Amino acid sequence: MRQCHWSKFALLGFLVCCTGSFAFADGETQPGRDAKQPVDEAYTAKIRKYTTQPYFASPLVDYLPASKNVPTPEVVLGDVAGAPGILPYAEEVYKYMRLLEKATPRVKVFSIGTTEEGREMIAVAVSSETNLKNLEQNHERLAKLADPRTIHLEDAEADKLVAQAVPVYYITGTIHSPETGAPTALMELAYRLAVDESPYIREIRDGVITLITPVVEVDGRDRMVDIYKWHLAHPKEFYPPLIYWGKYVAHDNNRDAMAMTLKLTQNVLNTYLGWDAQVLHDLHESVPYLYDNTVGDGPYNAWVDPILVDEWQMIGSRNVADLTRFGMPGVFTHGNFDTWSPGYLMFLAAMHNGISRLYETFGNGGADTRERTLEPEEYARTWYKPNPPLPKTLWSQRNNNNYEETGLLTSLHYFNENKRLFLKNFYLKSKRSIEKPSTEGPAAYVLPGNDPRASLQADLLRVLLKQHVEISRATTAFQVSLPVKKEKKKAKPAEGEEKGKTPPAPTTRDFVAGSYIIRMDQPYSRVADALLDYQYWSPKDPQTTPYDDTAWTFGEMFGVEVTRVVDSKVLSVPMERVTEPRPAGGVSGEGTIFAIENHAEPALATLRYRLKDASIDAAEEGFEAGGYKYPRGTFLLKGVERAELDATTRSLNLHATALAAAPIVKTHPLRAPRIAFLHTWINTQDEGWWRLALDELQIPYDYMSTQAIAPIPDLKAKYDVILFPPIGWNSSAATIIEGLPTAWGNPLPWLNTPLTPNLAGKNDSTPDMRPGLGWDGVAKLQEFVKNGGVLLTAADTSQFALSIDLTNGVSTSPADKMKIVGAIVGTRMVDGASPIAYGYEEKVSAYCENGPIFSVNSMLGARRRRLGPEGGARPTGRGSKDDPDFVVGRIADQIPDQPEHELWEVPVPTDEQLHNNPRVIPPNARPRVILRYADEKDLPISGLVDGGKEIAQHPAVLDVPSGQGHVVLFSINPVYRGETENTYALVLNTLLNYDSLSVGRKDAEK
Ligand SMILES: [Zn+2]
């Protein structure tokens, strides 16, 4: 095969060369064309022309069968699939799929929803006429296998269904917009599956329903095609990087399978489950030449069924074997992708009893044919990559399409050959999900009906509903036993401790009527279990580079109580199914002043913006009214119609109490600030999650780039708060200020033009993406804060705020061995009197990704050293450790008290430091620590926290007075992937209290 010289062979020779005989197992059909079916000669010649080496093709794709009535992709593309210079818009892909649907009864197109920007998403079913005619009957069979409760978990009944059902294999393309090859590969794949009469393809067509969503990220696809067209029109110039993909996020659109915030995730899951499909196979293009990362590397997600792990191995190994036998280099299935996080789109299948699969093929980020040079680790021969990719080769989009199609066709064929096994497995995985309470457990998760954070609880329940999890509500109060917590074994029993004393009795827990019960005896118990449970990633795990987040525990991330119940009595509690969380809320009591308790619920901010004309104050201390204790931060509303408040609070799951008289408590007004939301042209990925959160909360803001700051004459006159969310990639201050060099190349426009009609979408635009904030912009930000504005930053933008000297008394130190990889950590309240802390308790769980290590001081330019035991230890001398030393011949010295400070406290300057020292920061201008990281032992809550000592006790959220204004710095990331609602209110409190942030400051009062 490899000796076959491309140029020396005519078309026929090529076909013979690449369809040489293979040894297949007894009875298995060989891949390759049907000699009796004519080939589309012109199309086939172009496949040959655009494939850069014969071994980058296979006998499955090195020809195209001809059809009299079915159009090839050429009718829409003007050339063959994978041709250089051609990238179709989503609309063009759909147009072709609909032409197929018209031309053959073997194709049906379904609209499956729209994107955030209103573009359509489709799913294309390709199968035999008979299968497509009998879709409904077939679906009834699959639905019973998907929910074995419908057949009373009877295996014999399942076997009958397994014998008759046609499985569904769902393929999704181009979720990652710069990975551009899948749409044309899938157009051609649909054609082949509908037209090819070779036995190999016919078996797939007759045996499987192939379902295809050719473009998952439709908004991003259209922008990417715009950019490619711009590039073709300006071939010698740099072209703009794809800064926006979807409306909100870029690469993270493939990390949404837990919180389900994006339309594309919701549409794909609804389609996948709506068809009761068995496989979800997602196509990516960032590894040469085909990495079937289905098998990947450990650690594997702890909640997947071992049956699925076995399926990964079966399909992955066979896939490698098939392509290897075709002589295609660079195909492998083990690699650096760990299968821990369930955040990937394909993992929707793994968490819903299906089979998740993911391909990384090799894309050129467009349709140019390019010389590609690989990194040594990419072309290295390893135990799992015995036939690695070539160090250097000419690579085309057609090559990529060949790999994608060959991989998919061999997968489909193998899947069909073994479909009875896979269908039975599908049933078994569903059955084992239902049996969870009596096998590995738990029996259920319970969310108490009296959780003070009702709106956050409702948000969490809505995530589970989007995941198609069944939720029930108890109609009576009930009690469950909780497992006894094992005490750590002591080396020796302490003195007086009896040997063999009876273990402590199990504790019980009471729940009120109306508590939510997530039963684990349901088909989708697996996903609920995975989302609500805790994660432990050992610091000693052989996997030293986690691929993504290591934790996601939703109860912690949403700040609501979730109890894991193993006591199966919980399943017999009287309960009813609910399809929408209880509409808690509304107004009770009599009076014209209304109180809403503050439990740091994001909905409170929505309420402030929605009731524009109401006067709303925050109580600066707790108070009592009507025999009830209200916490600090409680909202007090006046000048609002009861009916309006009732409707608003109901819609927000908030509860208001009418009070007979205004409580006697110090208050300040809560105002809806005018917000500037700042982004860079470096990356909009991480801030996208902040935009999404604000949009969902219906909080308005002006969205602008760093470039827009300098031209605004008076920022403070226009805005009260500037939000500068994290950028990502640890962007430095220099990058933020300077941007990309403007002296070296051409401008990079991000504008809607006739050539690029989709680029800006509903987001921002610029004639040149290169310039950054600039020094004028820096000066404007400094002036804004000096004149009383509030600047809020997180992670890398916090570092930036430090760099431009806005934050007296705050420094950062570099991490040494610390490794906190997308984990949930404990933080502790330091200053609950700060309005930023309103609604929070002593302990706050937060998401952390190696957050910057802040230290605070009372002097400019000073760095703090951690006070270790060695610092305070007494020197060698007389007496014991705690005795004072003496000096012979002298009366004992009066030893002055050494002021001691906790690590998160601003040290009070000593008398010596205060002497003639202009660097001492006045008390009311010193940083105010709101939250700090927990002590080392309490830091890990979920996920990988290693070397936590370095950040333990350091500030996590800081309010730094600066001029007349404030800079609020986050080390944690409070707004992330729709998963961190527990910490949203730290940002929202800053917004609503923007002009009262110094309330409750102890030193300010002096
Ligand atoms: Zn990708």
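Heads up: the structure comes first, above all this text.
Note that the structure is a prediction, hence the values are computed from the model and not measured. (Residues numbered from 1 in each chain as written. Predicted model: local features only at pLDDT ≥ 70, side-chain atom pairs only at ≥ 80, totals over all residues. Heavy atoms only, no water.)

1. Quick word on the overall build of the protein
The condition that has to hold: Each helix is a run of H or I in the DSSP string that is no shorter than four residues. Each strand is a run of E no shorter than two, and both are numbered from the N terminus. A radius of gyration in this sense is built from C-alpha atoms; the matching globule rule multiplies 2.2 Å by the number of residues raised to 0.38. Here, residues are in contact when the closest pair of their heavy atoms is within 4.5 Å. Residue burial considers only the protein chains on display, and all accessible areas are found by Shrake-Rupley using a 1.4 Å probe. The positive count covers Lys and Arg only, the negative count covers Asp and Glu only, and His and the chain ends enter neither. Charge positions are represented by NZ for Lys, CZ for Arg, CG for Asp and CD for Glu.
Counting its regular elements, the protein contains 30 helices and 37 strands. Computed over its C-alpha atoms, the radius of gyration of the protein comes to 31 Å, within 12% of the 30 Å expected for a compact globule of 1006 residues. Along the first, second and third principal axes, the C-alpha atoms of the protein reach 110 × 75 × 75 Å. Long-range pairs, those at least 24 residues apart, make up 81% of the contacts in the protein with a sequence separation of at least 6. As presented, the protein carries roughly 40,300 Å² of accessible surface, and 52% of it is formed by carbon and sulfur atoms. The positive charge centre, built from 105 side chains, and the negative charge centre, built from 127, are 2 Å apart in the protein.

2. A short note on the sheet that holds strand E17 (residues 575-578)
Put simply, the test is: Each pair of strands is called paired provided DSSP finds at least two bridges between the two strands. An axis is simply a line fitted to the C-alpha atoms; with a helix, the fit covers only the stretch in contact. Between two such axes, the angle follows the N-to-C directions and lies from 0 to 180 degrees.
The five strands lie next to each other as E16-E11-E15-E12-E17, forming an open sheet whose pairing is antiparallel. Looking at the sheet topology across the chains shown, the edges are occupied by strand E16 (563-565) and E17. Averaged over all pairs of adjacent strands, the angle between strand axes in this sheet comes to 35 degrees, irrespective of strand direction. Where strand E11 (residues 444-447) lies against E16, three bridges are found, and the strand directions are antiparallel. Bridge pairing links tyrosine 445 to arginine 564 in E16. Helix-sheet contacts for helix H17 (residues 454-466) involve E11, strand E12 (471-474), strand E15 (516-519) and E17, and the interaxial angle to E15 is about 25 degrees.

3. Description of the packing of helix H6 (residues 135-146) against helix H16 (residues 419-434)
Describing two packed helices takes the angle between their axes plus the distance from one axis to the other. We count it as follows: Angles are sorted into four bins: roughly parallel if under 35 degrees, roughly antiparallel if over 145, roughly perpendicular if 65 to 115, and oblique for all others.
Between H6 and H16, the least distance of the axes is 8 Å, while the angle of their chain directions is 45 degrees. What the angle tells us is that H6 and H16 run oblique. Facing Leu142, Leu145 and Ala146 of H6, the residues of H16 in contact are Leu423, Phe426, Tyr427 and Ser430.

4. Points about the nonpolar core
Spelled out, the test is: Nonpolar core, defined: a set of buried Ala, Val, Leu, Ile, Met, Phe, Trp, Tyr and Cys residues in which side-chain atoms within 4.5 Å join the residues together. With a 1.4 Å probe rolled over the protein chains alone, any residue whose accessible area is under 20% of its type maximum counts as buried; one over 50% counts as exposed, and the rest are partly exposed.
Grouped together as the largest cluster of nonpolar side chains are 157 residues, with contacts concentrated most on Met97, Tyr403, Leu464, Ile518 and Phe554. Ranked by the residues each element gives to this core, the list is headed by helix H8 (residues 182-195), at nine residues. In this structure leucine 464 touches Val469, Ile471, Ile518, Ala528, Leu531 and Leu532, once residues within four positions along its chain are discounted. Ile227, Val825, Ile853 and Tyr994 belong to the second-largest nonpolar core, a separate cluster that totals 84 residues.

5. A few points about the coordination of the zinc ion
Quick note on the threshold: Listed donor atoms are N, O and S within 2.8 Å of the metal (Na, K and Ca: 3.2 Å). As water is not included, a site may look incomplete. Any coordination sphere not matching a tetrahedral pattern (four donors, all angles between 85 and 135 degrees) or a square planar or octahedral pattern (four or six donors, opposite donors over 155 degrees apart, other angles between 65 and 115) is reported as irregular.
The protein atoms that coordinate the zinc ion are His176 (ND1), Glu179 (OE), Glu179 (OE) and His284 (ND1), at distances spanning 2.1 to 2.5 Å. For the zinc ion, the four donor atoms in the first shell make angles of 55 to 150 degrees at the metal, so the coordination geometry reads as irregular. Read in sequence order, the donor residues for the zinc ion give the motif H-x2-E-x104-H. Here histidine 284 lies in strand E5 (residues 279-284) and glutamate 179 lies in the loop between strand E3 (168-172) and H8, a separation of 105 residues in the sequence. Note on glutamate 179: relative accessible area 12%, which makes it buried.

6. Overview of the pattern of salt bridges
Rules: Salt bridge, as used here: a side-chain nitrogen of Lys or Arg that lies within 4 Å of a carboxyl oxygen of Asp or Glu.
Here the structure, examined in full by the defined rule, presents 54 salt bridges. Between arginine 106 and glutamate 197 there is a salt bridge; the shortest N-O distance is 3.2 Å. Placement of arginine 106 in the loop between helix H4 (90-103) and strand E1 (107-114) and of glutamate 197 in the loop between H8 and helix H9 (199-207) is noted, with a sequence separation of 91 residues between them. Take arginine 106: its relative accessible area is 16%, and that puts it in the buried class. Across the pair aspartate 459 and arginine 462 runs a salt bridge whose closest N-O atoms are separated by 3.0 Å. One end of the pair is aspartate 459 and the other is arginine 462, both in helix H17 and three residues apart, which spans about a single turn. For arginine 462, a relative accessible area of 27% translates into the label partly exposed. A single salt-bridge network, built from bridges that share partners, covers Glu117, Arg119, Asp219, Asp222 and Arg223.

7. Some words on helix H15 (residues 397-417)
Two residues of an α-helix separated by three or four positions point the same way, owing to the 3.6 residues in each turn. Here is the rule we go by: What a helix is expected to span follows from its residue count: subtract one and scale by 1.5 Å.
The terminal C-alpha atoms of H15, which comprises 21 residues, lie 30 Å apart, in line with the 30 Å expected from a rise of 1.5 Å per residue. Of all 21 residues in H15, 20 are buried; the element is thus mostly enclosed.

8. So, unusual backbone geometry
Backbone torsion omega between glycine 298 and proline 299 reads -5 degrees, so that peptide bond is classified as cis. Secondary-structure assignment places proline 299 in the loop between strand E6 (286-297) and helix H12 (306-325). With an omega of 0 degrees, the peptide bond running from glycine 441 to proline 442 counts as cis. With respect to the element layout, proline 442 can be found in the loop between H16 and E11. Positive phi values are uncommon outside glycine, yet asparagine 916 reaches one of about 45 degrees. Within the element layout of this structure, asparagine 916 appears in the loop between helix H28 (911-914) and strand E34 (928-933).

9. Considerations on the sheet that holds strand E19 (residues 593-596)
Pairing is mixed in the open sheet, where six strands are placed in the order E18-E24-E19-E23-E20-E25. Each end of this open sheet is capped by a strand with a single partner; those strands are strand E18 (586-589) and strand E25 (667-669). Neighbouring strand axes in the sheet, compared pairwise and without regard to direction, differ in orientation by 30 degrees on average. As defined by bridge partners, E19 adjoins strand E24 (residues 655-659) across three bridges and the pair is classed as antiparallel. Bridge pairing in E24 links phenylalanine 594 to alanine 658. Lying on the sheet, helix H20 (residues 603-610) is in contact with E19, strand E20 (615-619) and strand E23 (635-638); it crosses E23 at an angle near 20 degrees.

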